[in-house]
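# Tertiary structure, described
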Amino acid sequence: MSKVTLIQVVWNSKKYIEKVFPAALNQTHPDTEFVAVIAGNEDGGKELIQEKFPQVKVIDPGYNIGFARGHNEYFAQSDSEFFQLVNPDLILEPNYVEEMLKAFEDPEVGAATGKLIKYDFDQMKSLEIIDTTGVIYSRSGRGRDRGQYEKDNGQYDSKTDLIAVSGAGPMYRKSALEAVKSQTPDRRDEYFDEDFHSYWEDVDLGLRMFNAGFKIKFVPKAVGYHGRVAASSPGGYKKVFAFIDHHKKISERVRKLNYKNHIFLFIKNTPKWYWQFFARELFYQTYVLFLETSTLKVLPEMFKQLPRIWQKRKALQKQKKISTKAFENMLI
């Protein structure tokens, strides 16, 4: 029987705990444990977990450890064969873990995701709209959740091969994590790239696993409900205005991480310098320069980290086990 650790990095998400934790604790797979890493506790979520869910192992480093390091610390010390990540606003169906494990019967599978459906926590109901069926990536350096905002009609159920997965509800094989890990400057094991801290580190890990020869899978029978609710995505020229409107609603901190990390993602993992990336960046950099100048505050941190990112790229390109053509065949 495979041991599975369910793990959540909790950042001021008390409002979701009593809805999300019971579903994670009541999985049909018998050999599980649930770990909560506290990254932010201004709302008292840690105390609620300890009171209502004493069977959950709580780890509190006392500061905002971030998504990447919050998971890395436990990956390194755990003897579990598999890790099931649970976003703070993700409700799992009871058989989610059981169905996910079926994909890993193939020993070449390193990571997988279920079918996540958007969920309205105010009305406590599924919106029957796809949140993610895995991540797709393009030569322009754009990664996005496949099928997001589409009504779920099973249109992706037979398309199970992926290049990466979202960090909302993926499962990882421990041995695959060990195969693609690096080390931090202070010699700790690094699975998610801690230079990313949060945002795009999930896609980065998926691309590294794919380049290392592991399969990445979509498991349509593993269903979860994700509270990342947003308006439907418009088409045509309206996408530009939707992009601007969306960015206005994002915090400065998130904008800075997104700016830095999407560039790092491309530098680290793509086998070639695709012209489509530079064409898209021309638009994006112009937008930031004139309409989002506060985002540029991240540049000193970005330039400080860039030499490490470049060294990681060189190491990854030497170690990759798939051809450039195989990588490009998975791009959109």
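Residues numbered from 1 in each chain as written. Predicted model: local features only at pLDDT ≥ 70, side-chain atom pairs only at ≥ 80, totals over all residues. Heavy atoms only, no water.

## A few points about the packing of helix 8 (residues 252-269) against helix 9 (residues 275-291)
- Two numbers describe how helix 8 lies on helix 9: the axes approach to 13 Å, and their chain directions differ by 165°. By the angle class used here, helix 8 and helix 9 are roughly antiparallel. The way helix 8 lies across helix 9 gives a crossing that is left-handed. Contacts between helix 8 and helix 9 involve Asn258, Tyr259, His262, Ile263 and Phe266 from the former and Phe277, Glu281, Tyr284, Gln285 and Val288 from the latter.
- A class-by-class count of the residues in the contact of helix 8 with helix 9 yields six nonpolar, three polar and one charged. (Axes fitted to C-alpha atoms, helices over the stretch in contact; angles between N-to-C directions. Helix = DSSP H or I, 4+ residues; strand = E, 2+ residues; numbered from the N terminus. Parallel < 35°, antiparallel > 145°, perpendicular 65-115°, else oblique. Left-handed = near helix turned anticlockwise from the far one by under 90°. Contact = heavy atoms within 4.5 Å. Nonpolar A, V, L, I, M, F, W, Y, C, P; charged D, E, K, R; others polar.)

## Some points on the packing of aromatic side chains
- Across all of its chains, the model carries 18 aromatic pairs by this definition.
- Ring centres of Tyr172 and Phe192 lie 5.9 Å apart, and the angle between their planes is 85°; on these two criteria the pair is classed as edge-to-face. Here Tyr172 is found in strand 11 (residues 170-173), whereas its partner Phe192 is found in the loop between strand 13 (189-190) and helix 6 (201-211), with 20 residues between them in sequence.
- By relative accessible area, Phe192 is classed as buried at 0%. (Phe/Tyr/Trp six-rings, centres within 6.5 Å; stacked < 30°, edge-to-face > 60°. Buried < 20%, exposed > 50% of the residue type's maximum accessible area, 1.4 Å probe, protein only.)

## Side note on the nonpolar core
- Formed by 94 residues in total, the largest nonpolar core has its most connected members in Phe21, Tyr172 and Met209.
- For Met209, the contacting residues outside a window of four places in its chain are Gly110, Ala111, Tyr172, Ala176, Leu177, Val180, Phe214 and Ile216. (Core = buried A, V, L, I, M, F, W, Y, C linked by side-chain atoms within 4.5 Å.)

## Describing the pairing of strand 7 (residues 125-132)
- Where strand 6 (residues 109-120) meets strand 7, four bridges bridge the pair, whose relative direction is antiparallel. Looking at strand 7, one finds that Ile117 is bridged to Ile130.
- Hairpin geometry of strand 6 and strand 7 is characterised by an intervening segment of four residues between the two adjacent antiparallel strands and by a positive phi of about 55° at Met124. (Pairing = 2+ DSSP bridges.)

Functional significance is not addressed by these values, which are geometric in nature.
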